[in-house]
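# Topology and contacts: notes
Each chain, letter by letter, is given below.
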Amino acid sequence: GNSVTQMEGPVTLSEEAFLTINCTYTATGYPSLFWYVQYPGEGLQLLLKATKADDKGSNKGFEATYRKETTSFHLEKGSVQVSDSAVYFCALRGSNAGGTSYGKLTFGQGTILTVHP
Amino acid sequence: DTGVSQDPRHKITKRGQNVTFRCDPISEHNRLYWYRQTLGQGPEFLTYFQNEAQLEKSRLLSDRFSAERPKGSFSTLEIQRTEQGDSAMYLCASSPRGRSTGELFFGEGSRLTVL
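This report concerns the structure included in the present document. Within each chain, residues carry numbers counting from 1 in the order of the written sequence. Chains carry letters and ligands carry numbers; both start at the beginning, A for chains and 1 for ligands, and go up in the order they are written. Selection of residues for local features in this predicted model requires a pLDDT of at least 70, selection of side-chain atom pairs for listing and counting requires 80 or more, and totals for whole chains, interfaces and linings are taken over all residues. By convention in this description, side-chain values take in all heavy atoms of the structure and omit both hydrogens and water.

### Let's talk about the overall build of chain A
When its secondary structure is counted, chain A shows 0 helices and 12 strands. Listing every helix and strand of chain A by position from the N terminus yields β-β-β-β-β-β-β-β-β-β-β-β. Put simply, the radius of gyration uses C-alpha atoms, and a globule should come to 2.2 Å times the residue count raised to 0.38. A globule of 117 residues ought to have a C-alpha radius of gyration of about 13 Å, and chain A, at 14 Å, matches this closely. If one aligns the C-alpha atoms of chain A with their principal axes, the spans along those axes are about 45 × 25 × 20 Å. Evaluated residue by residue, chain A yields a buried proportion of 46% over its 117 residues. Accessible surface area values rest on a Shrake-Rupley calculation with a 1.4 Å probe, where residue burial reflects the displayed protein chains alone. Accessible area of chain A: about 5300 Å², with a carbon and sulfur share of 50%. Counted as positive: Lys and Arg. Counted as negative: Asp and Glu, with His and the chain ends omitted from the count. Charge placement uses NZ in Lys and CZ in Arg. For Asp and Glu, CG and CD serve respectively. Across chain A, the 9 positively charged side chains and the 10 negatively charged ones have centroids separated by 11 Å. Helix numbering and strand numbering both begin at the N terminus, where a helix is a DSSP run of H or I of at least 4 residues and a strand a DSSP run of E of at least 2. Remark: exposure states derive from per-residue accessible area (1.4 Å probe, protein chains only) relative to the maximum for the residue type, with buried under 20%, exposed over 50%, and partly exposed in between.

Dropping the structure here:
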């Protein structure tokens with residue numbers, strides 16, 4: 001079945017530091033890949049996505065590239081801010097070659113990011 | 001606000017009691033999902049509906065759990081004879097009809113505490 005593995009956390013950084021959160025996946029077919037973020041007291045929201053190999057998703061200074069050869073979708077940001085402190089979830093959604101998606105998302109366990117001033 | 005709404009936001013109950021959660025999806029979305037999230041873990045899939053049809057159920061959804069979406073709009077998740085292990089955040093999400101890249105729109109969740 002499908003699965004997602006995220007790097008062990010939590011991650012603590014100083015403001016303006018470089019961020020990488022690793023994510024690898026196991027899936028059949030042609031999955032779409034996502035990063036979701038959960039800010040304190042809020043619901044999960046989509047941060048970025050990539051739907052096919054070599055696509056790069058980007059949003060709010062965050063980037064992730066869909067690497068089929070390494071089955072990875074690592075999240076990066078060049079300079080983090082205190083406001084980026086949140087829990088980050090990598091997720092995938094399976095699909096077939098025709099692009100028909102298979103319902104549910106499968107999530108990783110989440111990585112807590114804390115950014116200090 | 002036209003986002004996904006869940007009710008109640010918090011529920012404290014005693015072991016053995018029944019609880020019901022309600023989810024109102026975004027109005028034009030035909031797919032609705034239920035997930036469970038425990039502390040330090042990612043959301044775990046429970047079940048999903050396309051319109052009123054329940055298309056998939058996780059083995060996590062024991063006989064004590066039942067979900068409905070009778071008119072293809074709002075959904076309810078009922079837990080009978082609650083156990084302390086049911087304590088978790090129950091998340092609802094929806095997504096639009098048609099071919100899509102799979103983004104789910106989540107509500108803020110209903111937190112269940114079983115004493």
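### What about the environment of Ile-21 of chain A?
Residues and elements named next belong to chain A. Among the secondary structure elements, Ile-21 is positioned in strand β3 (residues 19-21). Along the primary structure Ile-21 and Asp-54 are separated by 33 residues, whereas in three dimensions their C-alpha atoms are 18 Å apart. When near neighbours in sequence (up to four residues on either side) are disregarded, Ile-21 contacts Gln-6, Met-7, Trp-35, His-74, Leu-75, Tyr-88 and Thr-111. Only heavy atoms enter the contact rule, under which two residues are in contact if any of them lie within 4.5 Å.

### Description of unusual backbone geometry
Residue and element names in this part refer to chain B. Residues Asp-7 and Pro-8 are joined by a peptide bond in cis, for which omega reads -5°. For Pro-8, the position within the fold is in the loop between β1 (5-7) and β2 (10-13). Despite not being glycine, Arg-81 has its phi angle at roughly 50°, a positive value. The residue Arg-81 is located in the loop between β8 (75-79) and β9 (88-96) in this model. Arg-81 gets classed as partly exposed once you look at its relative accessible area, which sits at 45%.

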